[in-house]
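Here is what each chain is made of, one letter per residue.
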Amino acid sequence: MSQPSAPSEAGAGGAPGRAARPGRSRHPLARFLLRRVAIAVLLAFGITLVTFVLTNLVPGDPVTANLGQSALGDPAIVAQWRAEHGLDKSLPQQYLTYLGGLLQGDLGVSQQSHRPVLTDLAEFVPSTIELAGSAILVSLVVGVAFGVVAALRRDRPSDQALRVLSLIGISVPTFWLALVAFYVFFFRLQLTPGSGRINPDMSAPPAVTGLFTVDAALAGQWDVFASAVGHLITPALVLAAYTIGLLTRFTRSAVLEVLGQDYVRAARAKGLPGRVILFRYVLRSALVPIITVAGLAFGSLLSGTVLVESVFARPGIGQYAYKSATTLDLPAVMGVGLVVGCVYVVINLVVDILYGVIDPRVRLS
């Protein structure tokens, strides 16, 4: 409210306005981050509302899905079950009760496992984060490298080969690729471990983060660490195939666009080494659109884990969401939706922060 009056004061008196303007622009990155964090908090609140509404719009009666035929015939049992799970209240009252529980870290009790939803999510989410994180890391390294090589060797045989590979990665269905990879590399060639997160004769490492690779390294159990990494390789590569293809094509286009800019031609005319031009001028300018695509791709990786986790029998959030949806376990479904939505918000926040760090025009705008 006070900022609009500053220009008029500057015009009248001069000194106050000139003193205020440098103060406002002294920490542009901090102000940029505060704005993004405030927007992320509002988005998180909106996610709770959308998740609650969409979950309750799902056709079907949770009473029918959870009670047996004999219990359904007794109105007293049905009424008691509805009262125990808060389904006898109006939707606004249910939403306010849900919000109140969220503020206290209570996501409700799963109607199938009869455990707190937060406990179930703490057990299943780390496996999915470990898988999706490995896949996006592989995608960024391989996809960006392939895209840069394809752009620098435009219309040459290596460029054509990488474009064909990227098209295959985008076109092949993930569930089909998962089945083929499991059959070829585990069943026929026995090059990779089978299903699960570690070998069946091993015990899980002491739980610290829930990520078996990290927990095993922290505990110094290197045999468990090697087993966890081995069980990650095939599903992570399968999950990364689509994202590698996407990032290869997008990085190629972004780098080709920057290579045609005047400042790149000027750097070449000055005789700067090609490596300096690539890393200092070309990649830095091309990173902003690449980061955008990578953020969106990570979200799609989370949704793609459902099929991959089923094929490789990894106990992740995808399997938990599938079982919850088929049994109309509403608290569990809302918990999964809330986690996925919050992951999207955090990713967007990280992408926005990277925008501000890489491109000064973003944080000064």
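Residues numbered from 1 in each chain as written. Predicted model: local features only at pLDDT ≥ 70, side-chain atom pairs only at ≥ 80, totals over all residues. Heavy atoms only, no water.

Caption draft 1: Representation of the overall build of the protein in the model. Summing up its helical and strand segments, the protein has 17 helices and zero strands in all. Taken over the C-alpha atoms alone, the protein extends approximately 85 × 70 × 40 Å along its principal axes. Within the span of the protein, comprising 365 residues, buried residues form 37% of the whole. Of the contacts made within the protein by residues no fewer than 6 positions apart, 70% connect residues no fewer than 24 positions apart. For the protein, the computed accessible surface area is about 20,200 Å², with 67% contributed by carbon and sulfur atoms. For the protein, the centre of its 28 positive side-chain charges and the centre of its 20 negative side-chain charges are spaced 20 Å apart. (Helix = DSSP H or I, 4+ residues; strand = E, 2+ residues; numbered from the N terminus. Buried < 20%, exposed > 50% of the residue type's maximum accessible area, 1.4 Å probe, protein only. Contact = heavy atoms within 4.5 Å. Areas by Shrake-Rupley, 256 points an atom, 1.4 Å probe, with all protein chains shown as cover. Lys, Arg positive; Asp, Glu negative; His and termini not counted. Charge placed at Lys NZ, Arg CZ, Asp CG, Glu CD.)

Caption draft 2: The domain arrangement of the protein, seen in detail. Domain assignment breaks the protein into domain 1 (30-110) and domain 2 (122-358). Measuring from the centre of the C-alpha atoms in domain 1 to the corresponding centre in domain 2 gives 32 Å. Contacts between the two partners involve 24 residues from domain 1 and, on the opposite side, 19 residues from domain 2. Between domain 1 and domain 2, roughly 1,800 Å² of surface is buried when both sides are summed, and carbon and sulfur atoms account for 79% of that area. (Domains from an automatic or database assignment. Buried area = accessible area lost by both parts, 1.4 Å probe.)

Caption draft 3: Region of interest: the packing of aromatic side chains. For the structure shown, the criterion picks out seven aromatic pairs. Between F52 and Y95, the aromatic rings sit 5.4 Å apart at their centres with planes inclined by 55 degrees, giving tilted as the arrangement. Here F52 is found in helix α3 (residues 28-57), whereas its partner Y95 is found in helix α7 (residues 91-103), with 43 residues between them in sequence. Each member of the pair F52 and Y95 is classed as buried. Summarising the aromatic geometry, the rings of Y183 and F187 are spaced 5.5 Å apart at their centres and angled 25 degrees between planes, so their arrangement reads as stacked. Highlighted residues: Y183 and F187, both in helix α10 (residues 174-188), separated by four residues, approximately one helical turn. (Phe/Tyr/Trp six-rings, centres within 6.5 Å; stacked < 30°, edge-to-face > 60°.)

Caption draft 4: Broad picture of the environment of P28. By secondary structure assignment, the location of P28 is in helix α3. The exposure class assigned to P28 is buried, which follows from its relative accessible area of 14%. Taking C-alpha positions, P28 is 9.2 Å from G356, a pair spaced 328 residues apart along the chain.

Caption draft 5: Broad picture of the pattern of salt bridges. Under the defined criterion, the tally for this structure stands at eight salt bridges. Residue D120 is joined to R115 by a salt bridge in which the shortest nitrogen-to-oxygen separation is 2.6 Å. Its relative accessible area of 31% is what places R115 among the partly exposed residues. For R115, the salt bridge is made with E123, and the minimal N-O distance between the two is 2.7 Å. Where salt bridges share partners, they join R115, D120 and E123 into one cluster. (Salt bridge = Lys/Arg side-chain N within 4 Å of Asp/Glu carboxyl O.)

Caption draft 6: Focus on the environment of D120. By the secondary structure assignment, D120 is in helix α8 (residues 117-152). The residues contacting D120, other than those within four sequence positions of it, are S110, S113, R115 and Y320.

Caption draft 7: Inspection of α3 at higher detail. Taking 1.5 Å of rise per residue, the 30 residues of α3 would be expected to cover 44 Å, and the 43 Å separating its terminal C-alpha atoms lies within 8% of that figure. Of all the residues in α3, the buried ones are P28, F32, A40, I47, T48, T51, F52 and T55. (Expected span 1.5 Å × (residues − 1).)

Caption draft 8: The arrangement of a nonpolar patch on the surface in detail. There is a patch of nonpolar side chains on the surface, built from L49, V50, V53, L54 and L57 and spanning about 450 Å² of accessible area. Tracing the chain through its elements places V53 in helix α3. (Patch = residues over 30% accessible without salt bridge, like charges linked within 9 Å, V, L, I, M, F, W, Y side chains within 5 Å.)

Caption draft 9: Up close: the environment of R252. Along the polypeptide, R252 turns up in helix α12 (residues 222-259). Linking R252 and A269, residues 17 residues apart in sequence, is a C-alpha distance of 23 Å. Excluding residues within four positions of it along the chain, R252 makes contact with G147, A150, A151, R154, D155, D159 and R163.

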